[in-house]
Amino acid sequence: MDMTFINRAMQPMISFAMQFNKNSFGLLPAQPLNLPHLNPNQTTDVSLALDVTGPIQKMEPLTNLQVAIKNSVDVFYFACILPIHVYFTEDGQMDKRVFLATWKDIPSQNEVQYTLNNMQHSADVVSNKLQENNIFTIAKRNVEGQDMLYQCLKLTNGIWVLTELKISPGNPNYTLSLKSRANEVSPTIYQAFEMILHQ
């Protein structure tokens, strides 16, 4: 987590500490906040390693993170919404047979469809952009002139999401179908696809 601290107080700030409330993915600082001293009107950038081994409590919205930062002057509270793709794991690859079996095993009522608008990429570019963000293409087929990408991703809390992405040449709107045993992740996964593919 990259942060910028600015001291607008009239006195130096010392003794910094950071704490996260329980959250949907068990996110917490992996080490103490390393910010020993901040003089008045001083600005400093800090990077803090995070881990996903903390206590879990479902938040609304799902990626909401409540943070407290303490120092010698006061305790500051704030909340931020993290993009869900930061929780996509590098081990989210799945075998084709497992993908097919899992897709069939997840009830059809757990399938949600979205339209991705104003897309300008080929199926290969889409696949590469998504793989850079730990969304893995399991198979690619061409059905009646449409490119079909079958993909999966795994969240740090162990939830798998399977996707089917239909790309028609010349059509800037793609159809995204998502399947997961935890349907509450679907809207944020859709937002991640939108963000990643519009970069």
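Our subject is the structure listed above.
Note that the structure is predicted; figures quoted are calculated from it, not measured.

Participant: How should I be thinking about the overall build of the protein chain in this particular structure?
Facilitator: Along the protein chain, the regular secondary structure elements total three helices and 14 strands. The globule rule puts the C-alpha radius of gyration for 199 residues at 16 Å, and the 21 Å found for the protein chain is more than 25% above it. In terms of its C-alpha atoms, the protein chain occupies a principal-axis envelope of roughly 70 × 35 × 25 Å. Across the 199 residues of the protein chain, 45% fall into the buried class.

Participant: Mind showing me how you'd approach the pattern of salt bridges here?
Facilitator: Any two side chains of opposite charge can pair if their charged atoms end up close together. Following the criterion strictly, the structure yields four salt bridges and no others. Note that Lys-154 and Asp-91 form a salt bridge whose closest N and O atoms lie 3.3 Å from each other. Within this pair, whereas Lys-154 is found in strand β12 (residues 146-154), its partner Asp-91 is found in the loop between β9 (75-81) and α1 (96-105), the two being separated by 63 residues in sequence. Accessibility expressed as a relative area gives 45% for Asp-91, which makes it partly exposed. Across the pair Arg-181 and Asp-105 runs a salt bridge, and its minimum N-O distance is 2.9 Å. A residue pair is termed long-range when its members are at least 10 positions apart, and Arg-181 in the loop between β14 (174-180) and α3 (186-197) and Asp-105 in helix α1 qualify at 76 residues.

Participant: Is there a simple way to think about the sheet that holds strand β8 (residues 64-70) in this case?
Facilitator: Whether parallel or antiparallel, the strands of a sheet pair through hydrogen bonds between backbone atoms. Taken in spatial order, the three strands line up as β3-β8-β9 in an open sheet, and their pairing is antiparallel. Two strands bound the open sheet, and with one partner strand each, they are β3 (17-20) and β9. Across this sheet, the average inter-strand angle for adjacent strands is 20 degrees, counted without regard to direction.

Participant: Explanation requested: the environment of Val-75 in the structure shown.
Facilitator: Along the chain, Val-75 falls in strand β9. Classification of Val-75 by relative accessible area gives partly exposed; the value is 30%. As a C-alpha pair, Val-75 and Ala-17 span 58 residues in sequence and 9.3 Å in three-dimensional space. Those residues in contact with Val-75 that lie beyond four places of it in its chain are Ala-68, Ile-69 and Lys-70.

Participant: Can you walk me through the nonpolar core in this structure?
Facilitator: In globular proteins that are soluble, nonpolar side chains generally tend to be buried together. Phe-5, Leu-33, Ile-84, Leu-155, Leu-165, Ile-189 and Phe-193 are the most contacted members of the largest nonpolar core, which totals 46 residues. With near-sequence residues (within four places) excluded, Phe-5 lies in contact with Phe-16, Leu-33, Leu-35, Leu-38, Gln-42, Thr-43, Thr-44, Val-46 and Ile-69. Ile-106, Ile-138, Met-148 and Leu-162 belong to the second-largest nonpolar core, a separate cluster that totals nine residues.

Participant: When you look at the packing of aromatic side chains in this model, what are you seeing that I'm missing?
Facilitator: In this description, a pair of aromatic rings is defined by centroid distance and the angle of the planes. Enumeration over the complete set of coordinates arrives at five aromatic pairs. Consider the rings of Phe-5 and Phe-16, whose centres lie 5.8 Å apart with planes at 75 degrees: the pair is edge-to-face. Of the two residues, Phe-5 sits in strand β1 (residues 2-6) while Phe-16 sits in the loop between β2 (13-14) and β3, which places them 11 residues apart along the sequence. Assigned by exposure class, Phe-5 and Phe-16 land together as buried. An angle of 25 degrees between the planes, with centres 5.9 Å apart, marks the rings of Phe-99 and Trp-103 as stacked.

So, how was this worked out
Residues numbered from 1 in each chain as written. Predicted model: local features only at pLDDT ≥ 70, side-chain atom pairs only at ≥ 80, totals over all residues. Heavy atoms only, no water. Helix = DSSP H or I, 4+ residues; strand = E, 2+ residues; numbered from the N terminus. Rg over C-alpha atoms; globule rule 2.2 N^0.38 Å. Buried < 20%, exposed > 50% of the residue type's maximum accessible area, 1.4 Å probe, protein only. Salt bridge = Lys/Arg side-chain N within 4 Å of Asp/Glu carboxyl O. Pairing = 2+ DSSP bridges. Axes fitted to C-alpha atoms, helices over the stretch in contact; angles between N-to-C directions. Contact = heavy atoms within 4.5 Å. Core = buried A, V, L, I, M, F, W, Y, C linked by side-chain atoms within 4.5 Å. Phe/Tyr/Trp six-rings, centres within 6.5 Å; stacked < 30°, edge-to-face > 60°.

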